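Fold and geometry: a report
One-letter residues, chain by chain:
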Amino acid sequence: MKIVLIGGSSPSTPTLIDWLAAYRPLPPLEIILLSRSETSLEPVARAARLLVGDRPISISVIPTTDYRWAESLDNADIIVLQLRIGGYEARQQDESFPLEVGICGDQELGPGGLANAWRSWPVVKSYITEAAARAPQSLFLVLSSPVGLLVRLGLLSAPHLNIVGICELPWSTMLQICCGNGISYSDISFSYVGLHHFGWFYHFESQSRDFVKEYQISGGAIPEFPSAALVQRFSAIPTRYARLHCDPVAAIAMQKLDLGKRVRYLTGHRQNALQVFSRGDINEIKTVLKQRAAPWYSEAIGPLVAAVAGAKVMQPFFLSRPNQAIVEELHEDDIVELAHYITDSTIRVQPIRKPIPDKVLNAIQSFVQAERLAADAVWSTDPSILRLALRAHPWTKSKEEFHPTLAEMITKA
């Protein structure tokens, strides 16, 4: 199996390699790390090779400064997009400028996510175009933010390529609920619908226990979120980033308090990790990897690779993909996050068997309406369509006086 990691110089990449090396059984893997950062590629590759040991996994590196980089995509089985255009500095900008006008800052949702897409799409498009030509049969996984918007844009560019977004957060949420209540995942029946970082469990039961009803009384197992009032309001249990939409005042206050801390930590961690990767032994490498958790690998990407390779993996995978009439109230090409299972290397969506609560559906519809316009704006680089997207977005539609400022910040990203 051939896997290409676009943005393979990330200091978290060896975490995926470590997970795959420990998994049994797994077929021989050819993993190519593709990145613009030549100075980071070699240390990351050294760490990865040490972690592989004698397992049948080959690691190679290709800098995109090499004019032959596109050849690395030839006949790939899985391509993972995990690059961050603009680095941590751009992330800080995406998460800070909306705060100046009283809007949550986020690299995925809201104006920050739109700025991220505006900046990232020209680069991402080149990778998707080459993937469609060189590996049309591949599974193209989008891990880079903003996931839903990049999936939509990617499918506009390459409609026949199997492009899906992936997120570990709904699965992590399920595990938290199960762990907090002393129950096994295998005993759970659930229904889920959402967008990337804006998901809802509107049915979550174990034998005689209905956790949506329980949480409407007592709140969730996750400290401080979700509250009982929020679960009552939506008749569903949200994933944690829903607080940006449901409780923006508290979220903005927390973001202002923490402004810049996350990026400073990540910058420092990257520098330290690359130094250890360059000279450290396997124990030192594993120690530095533990300093920053990367659950998107251990709870999503790694298990998905194993399942596609033919292993029996029982967990659900939460993928962002075209709706295709699964949620009747949404357009067929709207990008929606749904639960999927992989059996015999085939990905199958979990059907919608229970009615989606009205307030959940209305909230999702308001976001996808804005995302349609946002994709058109990014695709065309048309500021007038960008302003329409800002008028449609639930976070910005009531702040029209700030639309010119926001549009300028987005287009300068």
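Keep in mind that this is a model prediction, so the values were computed, not measured. Each residue is numbered by its place in its chain's sequence as written, counting from 1. Whole-chain, interface and lining totals are the exception, using all residues; otherwise, since this is a predicted model, local features are given only for residues with pLDDT of at least 70 and side-chain atom pairs are given and counted only at 80 or more. With hydrogens and water set aside, each side-chain value is computed from the structure's full complement of heavy atoms.

1. Structural notes on the overall build of the protein
Put simply, DSSP H or I for four residues or longer makes a helix, DSSP E for two residues or longer makes a strand, and each gets a number counted from the N terminus. Scanning the protein from terminus to terminus reveals 16 helices and 13 strands. Relative to its length of 413 residues, the protein is compact, with a C-alpha radius of gyration of 21 Å against a globular reference of 22 Å. Projecting the C-alpha coordinates of the protein onto the three principal axes gives extents of approximately 55 × 55 × 40 Å. Counting the 413 residues in the protein, one finds 58% classified as buried. Within these notes, the globule rule equals 2.2 Å times the number of residues to the 0.38 power, and the radius of gyration is based on C-alpha atoms. Throughout, exposure labels follow a simple rule: accessible area from a 1.4 Å probe, protein chains only, divided by the maximum for the residue type, with under 20% read as buried, over 50% as exposed, and the rest as partly exposed.

2. Thoughts on unusual backbone geometry
Of note, the bond from Arg-24 into Pro-25 is cis; its omega dihedral lies within 30 degrees of zero at -10 degrees. Take Pro-25: it is sitting in the loop between α1 (13-22) and β2 (29-35). Ser-145 connects to Pro-146 through a cis peptide bond whose omega is -5 degrees. Note on placement: Pro-146 falls in the loop between β5 (139-142) and α5 (147-157). Backbone geometry at Ser-235 places phi at a positive 55 degrees, although glycine is not the residue there. Examined against the element boundaries, Ser-235 turns out to sit in the loop between α8 (228-234) and β10 (237-238). According to the relative accessible area criterion, Ser-235 is partly exposed, its value standing at 32%.

3. So, helix α2 (residues 38-52)
If you check α2, its first and last C-alpha atoms are 21 Å apart, about what 15 residues at 1.5 Å a residue would give, namely 21 Å. Any two residues whose heavy atoms approach within 4.5 Å at even a single point are treated as in contact. Check the buried side of α2 and you find it contacts α1, β2, β3 (57-63), α11 (261-279) and α12 (282-290). Gly-53 lies just past α2 and shows a positive phi near 60 degrees. A helix is expected to span 1.5 Å for every residue after the first.

4. A word on the pattern of salt bridges
Definition used for salt bridges: Asp or Glu carboxyl oxygen within 4 Å of a side-chain nitrogen of Lys or Arg. For the coordinates displayed, the defined rule picks out 13 salt bridges. Across the salt bridge formed by Asp-74 and Arg-134, the nearest N and O atoms sit 2.9 Å from each other. Taken as a pair, Asp-74 in the loop between β3 and β4 (78-81) and Arg-134 in helix α4 (residues 110-134) lie far apart in primary sequence, 60 residues in all. Since its relative accessible area comes to 26%, Asp-74 is described here as partly exposed. In this structure Arg-134 comes out as partly exposed when scored by relative accessible area, which is 28%. With its nearest N and O atoms 3.9 Å apart, the salt bridge here joins Asp-258 to Lys-261. Linked through salt bridges whose partners overlap, the residues forming this network are Arg-152, Asp-334, Glu-371 and Arg-372.

5. Focus: the environment of Val-231
By secondary structure assignment, the location of Val-231 is in helix α8. Accessibility expressed as a relative area gives 0% for Val-231, which makes it buried. Expressed as a C-alpha distance, the spacing of Val-231 and Thr-287, which sit 56 residues apart in the sequence, is 39 Å. The contact partners of Val-231, leaving out residues within four places of it in the chain, are Val-212, Tyr-215, Gln-216, Pro-226, Ala-236 and Ile-237.

6. Some details on the side chain of Ser-138
Looking at where Ser-138 falls in the secondary structure, it is placed in the loop between α4 and β5. Owing to a relative accessible area of 0%, Ser-138 belongs among the buried residues under this scheme. Within polar-contact distance, the side chain of Ser-138 engages the backbone oxygen of Ala-135 at 2.7 Å. Every residue in contact with Ser-138, bar those within four places of it in the chain, is listed here: Ala-76, Asp-77, Ile-79, Leu-161 and Asn-162. Any pair of N or O atoms that falls within 3.5 Å is considered a polar contact. Within protein, one atom must be able to donate a hydrogen and the other to accept it, and sequence-neighbouring residues count only if both atoms are side-chain atoms.

7. A short note on the environment of Ser-60
Within the element layout of this structure, Ser-60 appears in strand β3. With 124 residues separating them in the primary sequence, Ser-60 and Ser-184 have C-alpha atoms 39 Å apart. Ignoring anything within four residues of it in the chain, the contact list for Ser-60 reads Ile-31, Ile-32, Leu-33 and Arg-49.

8. Looking at the packing of aromatic side chains
Only Phe, Tyr and Trp rings are paired, with Trp represented by its six-membered ring, and only when their centres lie within 6.5 Å; those with planes under 30 degrees apart are stacked, over 60 edge-to-face, the remainder tilted. All told, the structure shown has 17 aromatic pairs when counted by the stated rule. Between Phe-198 and Phe-367, the aromatic rings sit 4.6 Å apart at their centres with planes inclined by 40 degrees, giving tilted as the arrangement. In this pair, Phe-198 sits in strand β8 (residues 198-206) while Phe-367 sits in helix α14 (residues 358-380), placing the two residues 169 residues apart along the sequence. Considered together, Phe-198 and Phe-367 belong to a single accessibility category, that of buried residues. Counting every residue linked through ring pairs, the aromatic cluster contains Phe-190, Tyr-192, Phe-201, Phe-204, Phe-211, Tyr-215 and Phe-318. To sit over a ring, a charge needs its Lys NZ or Arg CZ within 6 Å of the ring centre and within 35 degrees of the ring normal. For Lys-125, the ring lying beneath its charged end belongs to Trp-379, and the centroid distance is 4.9 Å.

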